[in-house]
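Below are the chains, spelled out letter by letter.
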Amino acid sequence: MIISWNTTWECHLKCKHCYRDAGDKRENELSTAEGKKLLAEIARAGFKIIILSGGEPLLRDDIFELTACARDLGMRPVFGTTGTTITEAVAHKLKEAGALRMGISLDSATAPLHDDFRQVPGSFDAAIQGMEACRAAGLPFQIHTTIVEQNYRDFEKITDLAVELGAAGHHIFFLVPTGRGKDIEEEALREKQYEEVMHRILRKQKDVELELKPTCAPQFMRIAKQMGMNMRFSRGCLAGTAYCCILPNGVVHPCPYLPLQVGHVREMPFDRIWQEAEIFQELRRDDLGGKCGECRYKAICGGCRARAYYYTDRDYMAEDPWCLYRRGVVYGDADQ
């Protein structure tokens, strides 16, 4: 099981697609003591991998202390970060605290598009420097790319750059309109583009050793099966079943892109929320609507619950609206 803790709203970038609408730090963020209590509850619930993200998690003064706490509780701490504040000294401190991998955002193989997406000049160069610092410190890193209309034709170039930089993986995120991402919804990929990119990702995987993983694109499991590829993953969408997200103030969501309050760790211990919350129970019953409920690949895909929520008037159990397979359309015949 894997969990994300958005440790802060604070961030020095202004990314157009930010699901957390990050910027300024807020007064109601969990304290160090509350964070350590939360980490103990997460471990007690059986989670093994914790993603420390934000905002920008490295702006928290206590982030090394929290990382070490997660490690000492037997979890595997990994990060979701802009990478722009990582020096070699910071990378060494992270490694010493127990960080096992840094997920660093990069949305283009060149600076202009990435900096436009992140809305801060120099953010591309700073992210590359952060990766180089991790590599020098012996701290593994992977690249995270959010795919939209502007850059979906070029993701292979980012993968090639990831290989060149020594990344351990390249995870490709598909835009779900939440947070500031709602302001660029028109740039989200639609059915044919969505399916095309997933096929390209899996074809590219055959050519490179680093791991490629589509995210917020659970249909990749169906496509991998159709292509005869063995994946280490058991299911596409894990929201509420083997994954969830905790906001900086302690509110629990099924995933970072599904803005649905399940509980609050200041009101109930997280391990009880994970076991007892009705929304989690409903997601685990897997009683999906529409074509998702009838699909032969339901068990390994599950459809994107966040995308269903946004596009079907907040029905998070509805069918995923950007799946070609739900219409019985075979990729390659979409124009016919």
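Being a predicted model, the structure only gives us computed values, none of them experimental.

The rules behind each value
- Residues numbered from 1 in each chain as written.
- Predicted model: local features only at pLDDT ≥ 70, side-chain atom pairs only at ≥ 80, totals over all residues.
- Heavy atoms only, no water.
- Buried < 20%, exposed > 50% of the residue type's maximum accessible area, 1.4 Å probe, protein only.
- Helix = DSSP H or I, 4+ residues; strand = E, 2+ residues; numbered from the N terminus.
- Arc of directions from axis to C-beta.
- Contact = heavy atoms within 4.5 Å.
- 1 Å grid on protein atoms, 1.4 Å probe; cavity = no way out; pocket = protein on both sides within 12 Å on 5 of 7 lines; lining within 4 Å.
- Points joined across faces, edges and corners; volume = space filled by probe spheres on them.
- Nonpolar A, V, L, I, M, F, W, Y, C, P; charged D, E, K, R; others polar.
- Lys, Arg positive; Asp, Glu negative; His and termini not counted.
- Salt bridge = Lys/Arg side-chain N within 4 Å of Asp/Glu carboxyl O.
- Polar contact = N/O pair within 3.5 Å; in protein donor to acceptor, adjacent residues only side chain to side chain.
- Disulfide = S-S within 2.5 Å.

A. Quick look at helix 10 (residues 278-285). Of the positions making up helix 10, those classed as buried are I279, F280 and L283. Seen end-on, helix 10 carries its buried residues on one side only, within an arc spanning 100°. Considering only its buried residues, helix 10 is in contact with strand 8 (243-246), strand 9 (251-253), helix 9 (270-276) and helix 12 (305-311). A positive backbone phi angle near 60° is found at D286, which sits one or two residues after helix 10.

B. Inspection of the layout of surface pockets at higher detail. Its volume calculated, the second largest pocket comes out at about 280 Å³. In terms of lining, the second largest pocket is formed by 14 residues, of which the most central are P177, T178, G179, K182 and P259. Counting residues per element, the lining of the second largest pocket draws most heavily on helix 12, at three residues. Residues of the lining of the second largest pocket, tallied by class, amount to seven nonpolar, three polar and four charged.

C. Layout of the side chain of E56. Positionally, E56 belongs in the loop between strand 2 (49-53) and helix 2 (63-72). In this structure, E56 is buried with no salt-bridge partner, the nearest side chain bearing the opposite charge being R118 at 8.2 Å. A distance of 3.0 Å separates a polar side-chain atom of E56 from the backbone nitrogen of L58. Here the side chain of E56 touches T81 through a polar contact of 2.9 Å, side chain to side chain.

D. Representation of the pattern of salt bridges in the model. A full pass over the atoms with the stated rule returns 25 salt bridges. The closest approach of N and O atoms between E34 and R266, which form a salt bridge, is 2.9 Å. Note that E34 is positioned in helix 1 (residues 32-44) and R266 in the loop between strand 10 (263-264) and helix 9, a separation of 232 residues in sequence. With its nearest N and O atoms 2.8 Å apart, the salt bridge here joins R326 to E319. We classify R326 as partly exposed; its relative accessible area is 23%. By sharing partners, the salt bridges in this structure join E191, E319, R326 and R327 into a single network.

E. A look at the state of the cysteines. Evaluated as defined, the whole model comprises zero disulfides. No disulfide involves C11; its sulfur sits 5.7 Å from the nearest other cysteine sulfur, which is in C15. C295 carries a free sulfur, and the closest cysteine sulfur to it, the one in C301, is 6.5 Å from it. Classification of C295 by relative accessible area gives partly exposed; the value is 24%.

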